[in-house]
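# Chains, contacts and geometry: an overview
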Amino acid sequence: MEMEKKLYPLKFTPIASRRPWGGTALVKVLGKSFTETDENGQETPVPEDELIGESWELADMGEQDSVIENGWLAGNTIGDIMQTYLERVVGEKVFEWYGTQFPLLIKFLSIEGKLSVQVHPDDEVAAQRYDSLGKTEVWYILDAKPEARIYMGFKKEVSAQEFYDACKKGVADKLLNVIHPRKGDVIFIKPGTVHAAEGGIMVCEIQESSDMTFRLYDWGRELNPATARKMHLEEAIDLIDYGKYDASAYTPAPAAPRQTATRRIADCPQFTVSHITLCDGMAVSTSELDSFVIYNCIKGEVSLQMPDENGVTKDYRLRQGDTILVPAECPDFVLSPLAKGSELIESVTHPRPEEDSYVI
């Protein structure tokens, strides 16, 4: 009888997303390389000087569907394996909630210019109006120039009319709360929070598997036919939280630990995200997770060691900028730093509770 093939840690080809506010840091700092299909159907490299705003590391978004690049599943998309392997990928209880939609979308962002002032809907509104998941997200700041700014929520409570008028007059940013980000900061972005950014920021973004973004104000680009993008101010006006920004959603970077440590940086019904510093090996028990687990390597280099179905230990390497998905059916494994002090972002999804609540 033929042995059933087991799933294994999966790496994906990153998808480049050009943005008018993007930069070159994803290539020049994180070492990302991108290709695209030309008019003749050939894969060609994306030039290094292109303004790439986002690297979609793991996406199950239809047209934007990440392709596996390692092992016997290479060439298949995340959508393909979700349709075929179901709960073996995400875990039985997670599958019961999300079905064949992979629950998370993972990105790296490079923000040089001005990211549009925008807002995301919650799950309830997104489901009712758009038959979609909402967009709860967390930003881990990988790097930030001294002049960088993140606009997050309002300085004080405002009215919908006040904000609407400010957008139309081109002064919406005057109402927004300003954060001067630093490397290692964490920002939890609850649906309804108006936000933007500018000035040289790299971000690891973990979010729900949704591209529900409503642009409210685009720094004047919307007035120029050459740069105008679709705006959604009227459509989104009732989605916005007009209260004063809740500063508890922003966590400044702590001092770097001197030994292996795991720090939870976001915990909500949609996902749990942790920051891991590896100074020596760390064992991970998959039976305790009841979920897939995703790792983004944000510093150094890490070896993920896992036995295959024959008991042979396989070594999966993650360098800075790499992302890997460990399916739920995988056995226990060990994370070992190949450079002391290597850092990972770890993301999992849990079965949703009966009553959603946010814990930051």
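Just so it is clear, the model here is predicted, and its values are computed rather than measured. (Residues numbered from 1 in each chain as written. Predicted model: local features only at pLDDT ≥ 70, side-chain atom pairs only at ≥ 80, totals over all residues. Heavy atoms only, no water.)

Time to look at the sheet that holds strand β22 (residues 301-307). Overall, antiparallel pairing links the four strands, which are arranged β20-β25-β22-β23 in an open sheet. Sheet topology places β20 (282-284) and β23 (313-319) at the edges, where each strand pairs with a single neighbour. Across this sheet, the average inter-strand angle for adjacent strands is 25°, counted without regard to direction. Here β22 runs beside strand β25 (residues 333-337); their pairing, made up of four bridges, is antiparallel. Bridging across to β25, Q305 finds its partner in V334. (Pairing = 2+ DSSP bridges. Helix = DSSP H or I, 4+ residues; strand = E, 2+ residues; numbered from the N terminus. Axes fitted to C-alpha atoms, helices over the stretch in contact; angles between N-to-C directions.)

Here the chain shows a mean pLDDT of 93. Residues at 70 or above account for 96%. When the criterion is pLDDT under 50, residues 355-360 qualifies, and its contacts beyond four places in sequence or with other chains add up to 17 contacts. (pLDDT = per-residue confidence, 0-100. Contact = heavy atoms within 4.5 Å.)

One open sheet accounts for seven strands, arranged β2-β5-β8-β15-β10-β13-β17; its pairing is antiparallel. Here the strands that pair on one side only, and so sit at the sheet edges, are β2 (15-23) and β17 (250-251).

Now for the nonpolar core. Within the largest apolar cluster, 83 residues are counted, with the highest numbers of intra-cluster contacts made by F102, W139, Y295, L304, L325 and L335. In terms of residues, this core owes the most to one element, strand β10 (residues 137-144), which gives six residues. The contact partners of L325, leaving out residues within four places of it in the chain, are Y8, P9, L10, F12, L58, I78, V89, F102, F292, V293 and I294. Listed in part, the 24 residues of the second largest apolar core include V158, A166, A172 and L239. (Core = buried A, V, L, I, M, F, W, Y, C linked by side-chain atoms within 4.5 Å. Buried < 20%, exposed > 50% of the residue type's maximum accessible area, 1.4 Å probe, protein only.)

Here the focus is unusual backbone geometry. Even without a glycine there, the phi angle at L86 is positive, about 50°. Topologically, L86 is positioned in the loop between α2 (78-85) and α3 (87-90). Of the residues examined, L86 reaches a relative accessible area of 27% and is grouped as partly exposed. The residue W219 is not glycine, and still its phi comes out positive at about 60°. Relative to the helices and strands, W219 is located in the loop between β16 (214-217) and α7 (233-236).

For the rest of this paragraph, the subject is the pattern of salt bridges. Across all of its chains, the model carries 21 salt bridges by this definition. Salt-bridge contacts for E54 lead to R19; the nearest nitrogen and oxygen are separated by 3.4 Å. Residue E54 is found in strand β5 (residues 52-58), and its partner R19 is found in strand β2; the two are separated by 35 residues along the sequence. A salt bridge links E301 to R317; the nearest nitrogen and oxygen atoms lie 3.9 Å apart. Of the two residues, E301 is situated in strand β22 and R317 in strand β23; the sequence distance between them amounts to 16 residues. (Salt bridge = Lys/Arg side-chain N within 4 Å of Asp/Glu carboxyl O.)

Listed in full, the buried residues belonging to helix α5 (residues 123-130) are D123, V125 and A126. Buried residues in α5, looked at end-on, bunch into an arc of 165°, giving them a common side. Away from its buried face, by an angle of more than 90 degrees, α5 presents the exposed residues E124 and Q128. For α5, the secondary structure elements touched by its buried residues are β15 (201-208). Of the residues flanking the start of α5, the one acting as N-cap is D122, its side-chain oxygen 3.2 Å from the backbone nitrogen of E124. Positive phi appears at D131, one or two residues downstream of α5, with a value of about 50°. (Arc of directions from axis to C-beta. Polar contact = N/O pair within 3.5 Å; in protein donor to acceptor, adjacent residues only side chain to side chain.)

Locating T193 in the fold gives a position in the loop between β13 (186-189) and β14 (195-198). Within polar-contact distance, the side chain of T193 engages the backbone oxygen of K190 at 2.9 Å. Residues within four places of T193 in sequence aside, it is in contact with Q118, V119, M152, G153 and Y245.

Before going further, it helps to spend a moment on the pairing of strand β11 (residues 149-154). Taken across its six residues, β11 has five buried, putting it largely inside the fold. The pairing of β11 with β14 spans four bridges and is antiparallel. Opposite M152, over in β14, you have H195 as the bridge partner. Bridge analysis of β11 against strand β12 (residues 176-179) gives three bridges, and the strand direction is antiparallel. Looking at the pairing, I150 lines up with I179 of β12.

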